[in-house]
Structures are given as structure tokens and as C-alpha cells.
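Here is how the chains run, residue by residue.
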Amino acid sequence: MGASHPEQELSLYDRSLLLDLDFSRSPAKFSPPISAANPGEPWIKVRPLQTGDFHRGFLQILSQLTSVGDVSLAQFLNRFAQMRASGDYYVTVIVDSRYDKIIGSATLVLEHKFIHGCSVRGRLEDVVVDDTYRGKQLGKLIVVTVSLLAQRLGCYKMSLDCKDKLIPFYKSIGYVLEPGNANTMNIRYEQSNSLAANRTAANEPPEINDPS
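Cut-offs and rules
Residues numbered from 1 in each chain as written. Predicted model: local features only at pLDDT ≥ 70, side-chain atom pairs only at ≥ 80, totals over all residues. Heavy atoms only, no water. UniProt positions renumbered as here; feature names shortened; annotations may be inferred. Core = buried A, V, L, I, M, F, W, Y, C linked by side-chain atoms within 4.5 Å. Buried < 20%, exposed > 50% of the residue type's maximum accessible area, 1.4 Å probe, protein only. Helix = DSSP H or I, 4+ residues; strand = E, 2+ residues; numbered from the N terminus. Contact = heavy atoms within 4.5 Å. Salt bridge = Lys/Arg side-chain N within 4 Å of Asp/Glu carboxyl O. Phe/Tyr/Trp six-rings, centres within 6.5 Å; stacked < 30°, edge-to-face > 60°. Lys NZ or Arg CZ within 6 Å of the ring centre and 35° of its normal.

- Looking up the chain in an unreviewed UniProt entry gives the name Glucosamine 6-phosphate N-acetyltransferase, with the organism given as Aedes albopictus.
- Here is the UniProt Catalytic activity (unreviewed entry) comment for the chain, exactly as written: "D-glucosamine 6-phosphate + acetyl-CoA = N-acetyl-D-glucosamine 6-phosphate + CoA + H(+)".
- In its Sequence similarities (unreviewed entry) section, UniProt records this for the chain: "Belongs to the acetyltransferase family. GNA1 subfamily."

## Things to note about the nonpolar core
Part 1 of the argument: Core analysis: the biggest nonpolar cluster contains 51 residues, and Phe23, Leu49, Phe58, Leu108, Leu124 and Tyr175 have the highest contact counts within it.
Part 2 of the argument: Of all the elements, helix α5 (residues 138-152) adds the most residues to this core, at 9 residues.
Part 3 of the argument: Excluding anything up to four places from it in sequence, Phe23 contacts Phe30, Ile34, Ser35, Ala36, Leu141, Val144, Thr145 and Leu148.

## Quick word on the pattern of salt bridges
Part 1 of the argument: Within this structure, the stated rule accounts for 13 salt bridges.
Part 2 of the argument: The partner of Asp53 in a salt bridge is Arg56, and the shortest N-O contact between them spans 2.8 Å.
Part 3 of the argument: The salt bridge partner of Glu125 is Arg123, with a shortest N-O separation of 3.3 Å. Note on accessibility: Glu125 and Arg123 belong to one class, buried.
Part 4 of the argument: Because the salt bridges share partners, they merge into one network encompassing Glu111, Lys113, Arg121, Arg123, Glu125 and Asp161.

## Here's the deal with the packing of aromatic side chains
Part 1 of the argument: The final tally for this structure, using the stated rule, is 8 aromatic pairs.
Part 2 of the argument: Summarising the aromatic geometry, the rings of Phe54 and Phe76 are spaced 5.5 Å apart at their centres and angled 50 degrees between planes, so their arrangement reads as tilted. Of the two residues, Phe54 sits in the loop between β1 (44-48) and α2 (58-62) while Phe76 sits in helix α3 (residues 73-86), which places them 22 residues apart along the sequence.
Part 3 of the argument: On the accessibility criterion, Phe76 (7% relative accessible area) is buried.
Part 4 of the argument: Counting every residue linked through ring pairs, the aromatic cluster contains Phe54, Phe58, Phe76 and Phe80.
Part 5 of the argument: Above the ring of Trp43, the side-chain terminus of Arg98 is found at 3.6 Å from the ring centroid.
Part 6 of the argument: Between Lys140 and the ring centre of Phe30, over which it is positioned, the NZ or CZ distance is 5.3 Å.

See below:
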């Protein structure tokens, strides 16, 4: 997919956080058993997003989920640097190492609160797995991985928004609907290219960063 050298790349976060996640703590059932450290096939790797993943099709896999736009390498690296510096973004990917290709991704975002003793809430965002890899439990694997990661990082809860058809899937791995809070509403804003460019140049995050 590209000429990147993994040993020279930056990771978004420390990969060791994934290696000893205890999958027995999740109510999800895997048959056969798999985990982030042992994902079931020797060519499947679960790891943090890396700088070279621009060339491994990371944006293309996101485009199976929602509109990505025409993102340049410079824009990708700038946003990667912002996320890495903040320490609050845990974009986790699945790689088919046979083709050096990204085949799945999910994002854990940490929200710092005053409530619950200045605790931290996790948000699950941008879950996608290439549908040509069905039958390998990869959707469940990536969601359980980031959910356990949120627990390890001290989150008091993990939240997500999903379509009605996905509710049974998330219930099967331990998520529950909150009574009276079953719907999500949004207001969307159009951003001019100049404003977006100014924010990028100033190294500022966008006002709206949920594309789903």
C-alpha cells in the first residue's frame, strides 16, 4: 500500500496498553476465543493508529462509514499530531499484514468531567470493519478492545450512539439503553474552507468533530 517503515512511524498511543487487556472481563462471547493480542489469524494485527496508515487505506476504510472528503497527507499528519498531543484520542485499527492494509477501526475519545469526582467518560466513535472480512468476529473484536481500553484508562462509563439495527449487537457485548435517552439529536454547521484552513493552520480542533 505504501513505502512506510513501521519502525520509523509514530503511534497515536502506547501499544502495550492493548497487549494485556483482559477479555474475560467483557460479557462478549467469542467462538473461537480471540483477543487484541491474539486476534485469531497470524496476519491480523490490532494496534494504535500510526502515521503511515494514511498509505494503508485508513481514510478509505472510514469512507465505508461516512463522508471523509479530500484529506491530504499534510492534513492527516497535522490532525494526528493534535490528537497525539492531547492524549485523549485512542484510534485503534485492525491490519491485514499480508497486504499491509487497514481493514477496521474504532475510536475511543476521553471526555474529562467535573462530575463523579472529576472523572472521565469514554465515547465510542467511528466503528467500521471492511465487510469483505465478515465471519472473523472483527467488529466485536474492535469494539470490545476499545471498551476494555476505556475501562483500563479509568473511565466511569463508555457511551455510544448507534442506529436501531445495531442495538442487538451492542447489547450482546454489554451495552444497555438508557431509559429516556434513546434518541440522539444534532445540529450541523457548515464551515467555510477558509475557516477550516485557519483552524488547521492555528493547530486548533474543529468546533464539530463528530462526522457520523
